[in-house]
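# What the coordinates show
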Amino acid sequence: MAPVRLQEYGVGIFNSVPTKSALKKAIKKQLVTVNDVIATTATYIHGGEYIRLSIPEVQAPRKKLVFPLQVLYEDEYLAVIHKPGGILVSGNGFKTIAHALAQNIKKSNLPDVTTPQPVHRLDFATTGILLVGKTSGSIRALNKLFEQSAIIKTYYAVTIGEMEQNGEITSDIDGKKSRSNYTLCKSVASERFGTLNLVKLEPRTGRRHQLRKHLSCIGNPILGDKVYGIENLILNGKGLYLHAYSLQFIHPFTKKELYLTDGFPERFKKIFGQLE
């Protein structure tokens, strides 16, 4: 086999570190050895090596998280759920989407079944569609699709102020190039905000807070954005009006094209009426 970097090759090998980020953390904590030598992020796999993960035993939390989730699609390999606003996708906290997945998703019958894991992230305040891997192989394959930009993501947002009909926004975010496309779908007059817009958003890169930063930088912040909004136009108590609407990709195992959606939130419909 051609040499492959360990942090790429080893994704999903161990059930306790099923994602690329989790494996990278384990490597940096010196928990992974290759042929009994402590591995680094620069370690390559050539074939035939003995890879070992040694992690300290962690006590299960005394309390069990009970948090029902809406499952939008599910098969033996993956699932798609609706992420509510006001909850983290993953992290060290007790209440996260990742911790609630096992109780909401059917266990896969495939040999490489593992703890279901989100394979991408949505901000704490963002609502919408979230993709989950149910097997080690699926988690690796879906991570690869995201890295190859082979999964098309579509969002909708409510923005403030007059906008052009469509446009492309580019900028550097954390030293990396970022690009988003937008299309203005509908506008309504607002006594408080002047104009409110329903905007379709297509991020072409995946930087942190990318859509929020991009819309803010062109003078059209997202309604309810307390971080990147305009000070005298902050809407409190209603959450962030940013919704992950759809995912489109070729299923890595069945090879069928999937177009999966999570319909518009009711609060969007209260502003713009019935939406399709």
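Keep in mind it's a predicted model, so treat the numbers as computed, not measured.

Turning our eyes to something else, we now look at the overall build of the protein chain. When you go through the protein chain residue by residue, the secondary structure sums to six helices and 15 strands. For the protein chain, the spread of C-alpha atoms along the principal axes amounts to about 65 × 40 × 40 Å. Relative to its full complement of 276 residues, the protein chain shows a buried share of 47%. A separation of at least 24 residues holds for 59% of the contacts in the protein chain among residues at least 6 apart in sequence. Total accessible area on the protein chain is roughly 15100 Å²; 49% of this is exposed by carbon and sulfur atoms. Charge centroids of the protein chain, computed over 37 positive and 23 negative side chains, lie 5 Å from each other.

One broad trend across soluble globular proteins is that nonpolar side chains are buried collectively. Counting 70 residues, the largest nonpolar core has Val-32, Leu-131, Leu-201 and Phe-249 as its most contacted members. Not counting residues within four places of it along the chain, the set of residues in contact with Phe-249 comprises Leu-78, Leu-131, Leu-142, Leu-145, Ala-150, Ile-151, Lys-256, Glu-257, Leu-258 and Leu-260.

Quick look at the state of the cysteines now. Applying the stated rule across the entire model yields zero disulfides. Among the cysteines around Cys-185, which has no disulfide bond, Cys-217 carries the closest sulfur, lying 19 Å off. On the basis of relative accessible area, Cys-185 is assigned to the partly exposed category, the value being 42%. Accessibility expressed as a relative area gives 53% for Cys-217, which makes it exposed.

In this section: helix H5 (residues 210-217). In an α-helix there are 3.6 residues to a turn, and that puts residues three or four apart on one side. Among all positions in H5, only Gln-210, Leu-211, Arg-212, His-214 and Leu-215 are buried. Immediately beyond the C-terminal end of H5, within one or two residues, lies Gly-219, with a positive phi of roughly 85 degrees.

Unusually for a residue other than glycine, Asn-35 sits at a positive phi of about 55 degrees. With respect to the element layout, Asn-35 can be found in the loop between strand E2 (32-34) and strand E3 (37-38). With relative accessibility at 46%, the residue Asn-35 sits in the partly exposed group. For Lys-255, which is not glycine, the phi torsion reads 65 degrees and is therefore positive. Relative to the elements of secondary structure, Lys-255 occurs in the loop between strand E14 (242-250) and strand E15 (257-261). The exposure class assigned to Lys-255 is exposed, which follows from its relative accessible area of 59%.

The rules behind these values
Residues numbered from 1 in each chain as written. Predicted model: local features only at pLDDT ≥ 70, side-chain atom pairs only at ≥ 80, totals over all residues. Heavy atoms only, no water. Helix = DSSP H or I, 4+ residues; strand = E, 2+ residues; numbered from the N terminus. Buried < 20%, exposed > 50% of the residue type's maximum accessible area, 1.4 Å probe, protein only. Contact = heavy atoms within 4.5 Å. Areas by Shrake-Rupley, 256 points an atom, 1.4 Å probe, with all protein chains shown as cover. Lys, Arg positive; Asp, Glu negative; His and termini not counted. Charge placed at Lys NZ, Arg CZ, Asp CG, Glu CD. Core = buried A, V, L, I, M, F, W, Y, C linked by side-chain atoms within 4.5 Å. Disulfide = S-S within 2.5 Å.

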